[in-house]
Amino acid sequence: MTVDIDKTAGGPAGTPPPGPGAEAIKAIPVRHYGRYVSAAVAIALLAAVVFAFSQGKINWGAIPDYFFDDRVLTGMGKTLLITVLAMLIGVVGGIVLAVMRLSKNPVTSSISWFYIWFFRGTPVLVQLVVWFNLGLVFEYINLGPFYRDEWSDFMTPFLTALLGLGLNEAAYMAEICRAGLLAVDEGQTEAAHALGMSQAKTLRRIVVPQAMRVIVPPTGNEVINMLKTTSLVSVVQYAELFRVAQDIGQTSGAPAEMLFLAAAWYLLLTSVFSIGQYYLERHYARGSSRQLPPTPWQKVKTNMFALGRPKEGTA
């Protein structure tokens, strides 16, 4: 069936055009009562938790008193130091292990597989304690004319924490790096080889920069996880943030309050790292997204300008 269109009227033939006093269509939004109920329940539960903590026998005033204590700040600095150095070992070791795992040499590939299997299969707390007690196996550390000392003097709490966390992280970073390298299309490597690039140069100039888009997001999560995992090194007597908070709690008579203080510092540090991770991911997404998502500050400015504009139809 054919419908004649009246070009002057803007509709089918015989249909009168809408007059100037025609009533506009009113769109009534759908009411989601389930959302209101769930929001009310969530707010009630949150209020109940806050009220329970406010009525507990906790001296909340002790937290601001020690929040910027010199010992706490020193412990926080050691936490950040061990986080950065352990992640540096993990990233470098992870890249090497990933390349070894993808190698066609069965020996290097098998060694990489065994390393990843071992360190991913044992708890990091067990690894820390083992490193700290390896003096039962190696009484002396002997590097020839360069260095020779007893294992107990060589394996300090700092070195134990660094090796225990860094070598364990390398196993996880190896799988992250391997996934990123495999995500790059093989045609990129073939094109680079056709241009005369060596395998090492192709990996450094072509493959790794493209793999960063896949590697960066989980690496950011690993950095945040490493920051929290540093609390485990308190078992080897390393005076990081958690260990210092425990010591202050025992001497001040406020052990629970100092745990809340440590938790507040961990939340603050992870928030800062999360912001850095967001902008780093945004930087490496430039090659894959036509339009980058707005930053939080850009969203705030857009909303502020939108509030200042007059609505359509108003003078």
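Note: the structure precedes this text.
Criteria and thresholds
Residues numbered from 1 in each chain as written. Predicted model: local features only at pLDDT ≥ 70, side-chain atom pairs only at ≥ 80, totals over all residues. Heavy atoms only, no water. Buried < 20%, exposed > 50% of the residue type's maximum accessible area, 1.4 Å probe, protein only. Helix = DSSP H or I, 4+ residues; strand = E, 2+ residues; numbered from the N terminus. Arc of directions from axis to C-beta. Contact = heavy atoms within 4.5 Å. Salt bridge = Lys/Arg side-chain N within 4 Å of Asp/Glu carboxyl O. Patch = residues over 30% accessible without salt bridge, like charges linked within 9 Å, V, L, I, M, F, W, Y side chains within 5 Å. Areas by Shrake-Rupley, 256 points an atom, 1.4 Å probe, with all protein chains shown as cover. Axes fitted to C-alpha atoms, helices over the stretch in contact; angles between N-to-C directions. Parallel < 35°, antiparallel > 145°, perpendicular 65-115°, else oblique. Left-handed = near helix turned anticlockwise from the far one by under 90°. Nonpolar A, V, L, I, M, F, W, Y, C, P; charged D, E, K, R; others polar. Core = buried A, V, L, I, M, F, W, Y, C linked by side-chain atoms within 4.5 Å.

### Side note on helix 5 (residues 124-132)
- Inspection of helix 5 places Val 124, Gln 127, Leu 128 and Trp 131 among the buried residues, and these make up the whole buried set. An end-on view of helix 5 places all buried positions within 100° of arc, on one side of the element.
- Where the residues of helix 5 are buried, they touch helix 4 (106-121), helix 6 (151-154), helix 7 (157-183) and helix 9 (199-229).

### Details of the pattern of salt bridges
- The full count for this structure, using the stated rule, is five salt bridges.
- Ionic pairing is found between Arg 243 and Asp 247, a salt bridge with its closest N-O pair at 4.0 Å. Separated by four residues within a single helix, Arg 243 and Asp 247 lie in helix 10 (residues 241-252), roughly one turn from each other.
- The class for Asp 247 is partly exposed, based on a relative accessible area of 35%.

### Looking at a nonpolar patch on the surface
- A surface patch of nonpolar side chains, about 340 Å² in accessible area, is lined by Val 49, Phe 53, Trp 60 and Phe 260.
- Looking at the secondary structure, you find Phe 260 in helix 11 (residues 255-284).
- Phe 260 gets classed as partly exposed once you look at its relative accessible area, which sits at 30%.

### A closer look at the packing of helix 3 (residues 70-101) against helix 9
- Between helix 3 and helix 9, whose axes approach to 11 Å, the crossing angle comes to 140°. Relative to helix 9, the element helix 3 is oriented oblique. Where helix 3 crosses over helix 9, the two elements pack in a sense that is right-handed. Listed contacts from helix 9 to Thr 79, Leu 80, Thr 83, Ala 86, Met 87 and Val 99 of helix 3 are Leu 203, Thr 219, Glu 222, Val 223, Met 226 and Leu 227.
- Class assignment for the residues of the contact of helix 3 with helix 9 results in eight nonpolar, three polar and one charged.

### Re the nonpolar core
- Core analysis: the largest hydrophobic core is formed by 21 residues, its most contacted members being Ile 82, Leu 165 and Val 233.
- If you list the elements that add at least two residues to this core, you get helix 3, helix 5, helix 7 and helix 9.
- Considering every element that reaches this core, the biggest residue donor is helix 7, with seven residues.
- Ignoring sequence-local partners within four residues, the contact set of Ile 82 consists of Phe 158, Ala 161, Leu 162, Leu 165, Thr 230 and Tyr 238.
- If you look at the next biggest cluster of nonpolar residues, it comprises 17 residues, including Ala 62, Val 72, Met 258 and Tyr 266.

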